[in-house]
Amino acid sequence: MNDMNGKSCCGAGRQELEGAAASGQLQPVELHSLKPREKAARPSHMMITLPGGEFLMGTQAADGFPADGEGPIRKVKVDAFRIAAHTVTNQQFGEFVQATGYVTEAERFGWSYVFHLFVPEQRRGDVEGSPREAPWWLGVRGAYWAKPEGEGSSVEERLNHPVIHISWNDAEAYCRWAGGRLPTEAEWEYAARGGLEQKTYPWGDLLKQDGHHRCNIWQGKFPTVNHAEDGYVGTAPVDAYEPNGFGLYNVAGNVWEWCADWFERDFHRRSDNVNPKGAAGSGLRSLRGGSYLCHRSYCNRYRVAARSKNTPDSSTGNMGFRMAMDV
Ligand SMILES: [Cu+2]
């Protein structure tokens, strides 16, 4: 059982920062100025076309978090759509920024949440504060996608890793430019299950297969000791590990992936079972997949039915996104 039921390794919202000087009111990101790129000039996303169909969405498993609205299980139908084999990389996001001059929300606010183990002692002066409920997140001044650990860091050695410190609004802007959109939660789960029915993970029910790690999560004692037996302390390349049955990489672990939907706790109690979407009202956007910080003892959310949420302006070092498209 999960004694930390309901708590999340990832619960760091923009407005939960404590000890910070108020960031002030920001104008919403201007999306209308971002015209879609010519097709030939867009980065390649390795889009996989899925035929759509019916599947059993959600879970009622004993090791889940009912408070997240993971169940009840319901039969959902999604139309055919396309989804990227992997999350958007630093390389791809860099091409977007170069082409458009786009400025992310982390840059506009002037800070983003960095996991505490990645902030060296000499940079503690850059820390604005932490959320009370998730003190392992430090609001670091100057941290954004191209400087994921703040001043002095870079993505040069991580161009094929998922872009992080990306808000929902930033992800939306990228997708619009690249000619795509974010997947709905229903599309995401359909794609992540890879054609298997009601399995715990995208590859089956066992976390490890023949002793091999299948995803990038936390091994050790969260939040202080990560043994990195899966090979990574932070993010892994977007195509690390084996893909699922549909060819999607890293749907479990690595980084949380923004979905198009408003987060709705009672999502699975809705009666619309064809291309369902969460209803507006929560002010939160949905996230799926879990991250390199998830651990069974605390945040067992690398299961394929697990859910999370955050405000659309929040950014952390473990949230990225995967693009979808209409067929
Ligand atoms: Cu987690």
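Only a predicted model underlies this, so the values are computations on that prediction, with no experimental measurement involved.

Rules of the game
- Residues numbered from 1 in each chain as written.
- Predicted model: local features only at pLDDT ≥ 70, side-chain atom pairs only at ≥ 80, totals over all residues.
- Heavy atoms only, no water.
- Pairing = 2+ DSSP bridges.
- Helix = DSSP H or I, 4+ residues; strand = E, 2+ residues; numbered from the N terminus.
- Salt bridge = Lys/Arg side-chain N within 4 Å of Asp/Glu carboxyl O.
- Buried < 20%, exposed > 50% of the residue type's maximum accessible area, 1.4 Å probe, protein only.
- Polar contact = N/O pair within 3.5 Å; in protein donor to acceptor, adjacent residues only side chain to side chain.
- Contact = heavy atoms within 4.5 Å.
- pLDDT = per-residue confidence, 0-100.

Engineer: What is the right way to look at the sheet that holds strand β8 (residues 137-141) in this model?
Structural biologist: Whether parallel or antiparallel, the strands of a sheet pair through hydrogen bonds between backbone atoms. One open sheet holds the 4 strands; their spatial order is β1-β7-β8-β6, and the pairing between them is antiparallel. Two strands close off the open sheet at either side, each with one partner strand: β1 (17-18) and β6 (111-115). In terms of strand pairing, β6 meets β8 through 5 bridges, oriented antiparallel. What sits directly across from Val 114, in β8, is Leu 138.

Engineer: It is not clear to me how the pattern of salt bridges should be interpreted in this structure. Could you clarify?
Structural biologist: Note on pairing: side chains with opposite charge can pair once their charged atoms come close. Under the criterion given, the structure shown has 19 salt bridges. Between Glu 151 and Lys 147 there is a salt bridge, and its shortest N-O distance comes to 2.8 Å. For Glu 151, a relative accessible area of 39% gives the class partly exposed. When the shortest N-O distance is used, the salt bridge between Arg 307 and Glu 185 registers 2.9 Å. Of this pair, Arg 307 sits in strand β13 (residues 307-310) while Glu 185 sits in helix α4 (residues 185-193); the two residues are 122 residues apart in sequence, bridging distant segments of the chain. A residue is classified by how much of its surface remains accessible, and Arg 307, at 1% relative accessible area, is buried.

Engineer: Explain unusual backbone geometry to me, please; I cannot follow it from the model alone.
Structural biologist: Cis geometry marks the peptide bond from Gly 71 to Pro 72; its omega dihedral reads 0°. With respect to the helices, strands and loops of the structure, Pro 72 is situated in the loop between β3 (53-57) and β4 (74-78). Of note in this structure, Ala 228 is not a glycine but carries a positive phi near 55°. Summarising the element assignment, Ala 228 is placed in the loop between β10 (225-226) and β11 (256-262).

Engineer: Can you help me understand the sheet that holds strand β14 (residues 319-320) in this one?
Structural biologist: Spatially, 4 strands are ordered β13-β12-β11-β14 in an open sheet, and the strand pairing comes out mixed. In this open sheet, the two strands that pair with only one neighbour each are β13 and β14. Both β11 and strand β12 (residues 285-288) contribute to a ladder of 3 bridges, which runs antiparallel. Bridging across to β12, Glu 257 finds its partner in Arg 288.

Engineer: Any chance you could explain the side chain of Ser 130 here in plain terms?
Structural biologist: Examined against the element boundaries, Ser 130 turns out to sit in strand β7 (residues 127-131). Only 2.7 Å separates the side chain of Ser 130 from the backbone oxygen of Trp 137, close enough to count as a polar contact. In contact with Ser 130, other than residues within four places in its own chain, are Glu 16, Leu 17, Glu 18, Pro 135, Trp 137 and Leu 138.

Engineer: What is the right way to look at α4 in this model?
Structural biologist: Spacing of three or four residues puts side chains on the same side of an α-helix, whose turn is 3.6 residues. Of all the 9 residues making up α4, 9 are buried; the element is thus mostly covered by neighbouring parts of the structure. Following α4 by one or two positions, Gly 194 adopts a phi angle in the positive range, close to 60°.

Engineer: What exactly am I supposed to notice about the pairing of β6 here?
Structural biologist: If a strand is regular, its side chains alternate between the two faces of the sheet. Counting buried positions over the 5 residues of β6 gives 5, a clear majority of the element. Along β6, one buried face is formed by Trp 111, Tyr 113 and Phe 115 and the opposite face, lined by Ser 112 and Val 114, is buried too.

Engineer: Explain the confidence of the model for the protein chain to me, please; I cannot follow it from the model alone.
Structural biologist: When pLDDT drops low, the exact placement of atoms in the prediction is not to be read closely. Taken residue by residue, the protein chain gives an average pLDDT of 91. The fraction at 70 or more is 91%. Within the model, pLDDT remains below 50 along residues 1-5, and this stretch shows 11 contacts once partners closer than five positions in the same chain are excluded. Scored below 50 in pLDDT, residues 21-25 shows 3 contacts in the model against residues more than four places distant or in partner chains.

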